[in-house]
Amino acid sequence: MGTFLADYYLWTKSLHVISVLAWMAGLFYLPRLFVYHAEVVKTGTETDTLFQTMERRLLRAIMNPAMIATWIFGLALVFTPGIVDWSMLWPWTKAASVIAMTAFHMWLAARRKDFAAGTNSRAGRTYRMMNELPTLLMLVIVFSAVAKWNFWDF
Ligand code: HEM
């Protein structure tokens, strides 16, 4: 298994980055849709139904599969021999941030259900603020995965 993963390392990493791009696109866009949905759209109107459809499709057709693919290829990279050195700082900051990113995804999925049920109670401002979270996590993840920072870097 280790040899197989090592042989396909660069292909796995490419697929990981492609999945990440699709997941991130959704993580940035869905809270934006929620901002407009909460601030402008009246419950029970045609526009409300249109927003619900866009949100459901974005989550089910793009974000859920992209998140699963990111995890599968990411874990395949973790199990590739010689790639992750757990005595360094970067795998830990990356792991903490991807778990937080996954929790953020689940939070968005729960909010989508609120909009679908017509029970959203959060203001557009909340979604505007939450929209910054994936950006912050992305910075930590990319500095971890690419620059591979360590304790003695600082
Ligand atoms: C969801 C769970 C994830 C796991 C288990 C995971 C794990 C990994 C591992 C082990 C590597 C290989 C590092 C190397 O080749 O040196 C990697 C590469 C990478 N990951 Fe992730 N990752 C995950 C999510 C993410 C997310 C959410 C992002 C972006 C926001 C991301 C961005 C990257 C990038 C850009 C690389 C390429 C690094 C390079 O080759 O320089 N990953 N990932």
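Numbers given for residues are sequential positions, taken from 1 along each chain in its written order. Note on the predicted model: pLDDT of at least 70 is required for a residue's local features to be given, and 80 or more for side-chain atom pairs to be given and counted; whole-chain, interface and lining totals, by contrast, use all residues.

1. Observations regarding the UniProt feature "transmembrane region" (unreviewed entry) in the chain
UniProt positions are given in the numbering used here, feature names are shortened, and annotations may be inferred rather than shown by experiment. Mapped onto this numbering, the UniProt entry gives "transmembrane region" (unreviewed entry) at residues 15–35, 61–83, 89–110 and 131–152. Numbering goes from the N terminus for both helices and strands, where a helix is a DSSP run of H or I of at least four residues and a strand is a run of E of at least two. Helix makes up 100% of residues 15–35 and strand makes up 0%, while its end C-alpha atoms are separated by 31 Å.

2. Overview of the site of the ligand
Being near a molecule or strand means, for a residue, that its backbone-placed C-beta atom lies within 6 Å of it. Close to the ligand lie 20 residues; Gly74, Leu77, Val98, Ala145 and Val146 are nearest. When contributions to the shell around the ligand are tallied by element, the ones reaching two or more residues are helix 2 (9–39), helix 3 (46–78), helix 4 (90–117) and helix 6 (133–147). Looking at the shell around the ligand, the element that brings in the most residues is helix 3, giving six residues. Each residue gets one of three labels, nonpolar for Ala, Val, Leu, Ile, Met, Phe, Trp, Tyr, Cys and Pro, charged for Asp, Glu, Lys and Arg, and polar for the others, Gly among them. Looking at the shell around the ligand residue by residue, the classes come out as 16 nonpolar, three polar and one charged.

3. So, the packing of helix 2 against helix 4
Only the stretch in contact is used when fitting a helix axis, every axis being a line fitted to C-alpha atoms; angles between N-to-C directions are given from 0 to 180 degrees. Here helix 2 crosses helix 4 at 30°, and the two axes come no closer than 11 Å. Between helix 2 and helix 4, the interaxial angle falls into the category roughly parallel. Pair helix 2 / helix 4 crosses with left-handed handedness. Residues Leu27, Leu30, Pro31, Phe34 and His37 of helix 2 lie in contact with helix 4, whose contacting residues are Phe104, His105, Leu108, Arg111 and Phe115. Here the residues of the contact of helix 2 with helix 4 are counted per class, giving seven nonpolar, two polar and one charged. Any angle from 65 to 115 degrees is called roughly perpendicular, while one under 35 is roughly parallel, one over 145 is roughly antiparallel, and all others are oblique. Left-handed describes a crossing in which the near helix is turned anticlockwise from the far one by less than a right angle; the clockwise case is right-handed. Here, residues touch in the contact sense if the C-beta positions derived from the backbone fall within 7 Å of one another.

4. Re helix 6
Note: α-helices contain 3.6 residues per turn, so residues at a spacing of three or four share the same orientation. How far a helix is expected to stretch is found by multiplying one less than its residue total by 1.5 Å. The terminal C-alpha atoms of helix 6, which comprises 15 residues, lie 21 Å apart, in line with the 21 Å expected from a rise of 1.5 Å per residue. Residues are called buried when their C-beta atom has 20 or more other C-beta atoms within 10 Å, exposed when it has 12 or fewer, and partly exposed otherwise; all C-beta atoms are positioned from the backbone. Buried within helix 6 we find Pro134, Leu137, Ile141, Ser144 and Ala145. Axial view of helix 6: buried residues confined to an arc of 95°, hence all on one face. Exposed residues lying more than 90 degrees from the buried face of helix 6 are Thr135, Leu136, Leu139, Val146 and Ala147. Those residues of helix 6 that are buried are in contact with helix 2 and helix 4. Downstream of helix 6 by a residue or two, Lys148 has a phi angle that is positive, lying close to 50°. Note that the arc is defined by the directions from the helix axis to the C-beta atoms.

5. Quick look at the UniProt feature "binding site: heme" (unreviewed entry) in the chain
As recorded in UniProt, the sites labelled "binding site: heme" (unreviewed entry) are His16 and Lys94. Across 79 residues of sequence, these annotated residues stay compact in space, with a maximum C-alpha separation of 14.2 Å. The contact partners of His16, leaving out residues within four places of it in the chain, are Thr70, Phe73, Gly74 and Leu77. Judged by the 21 C-beta atoms lying within 10 Å of it, Lys94 falls in the buried class. Setting aside anything within four residues of it in sequence, one finds Lys94 in contact with Ile141, Ser144 and Ala145.

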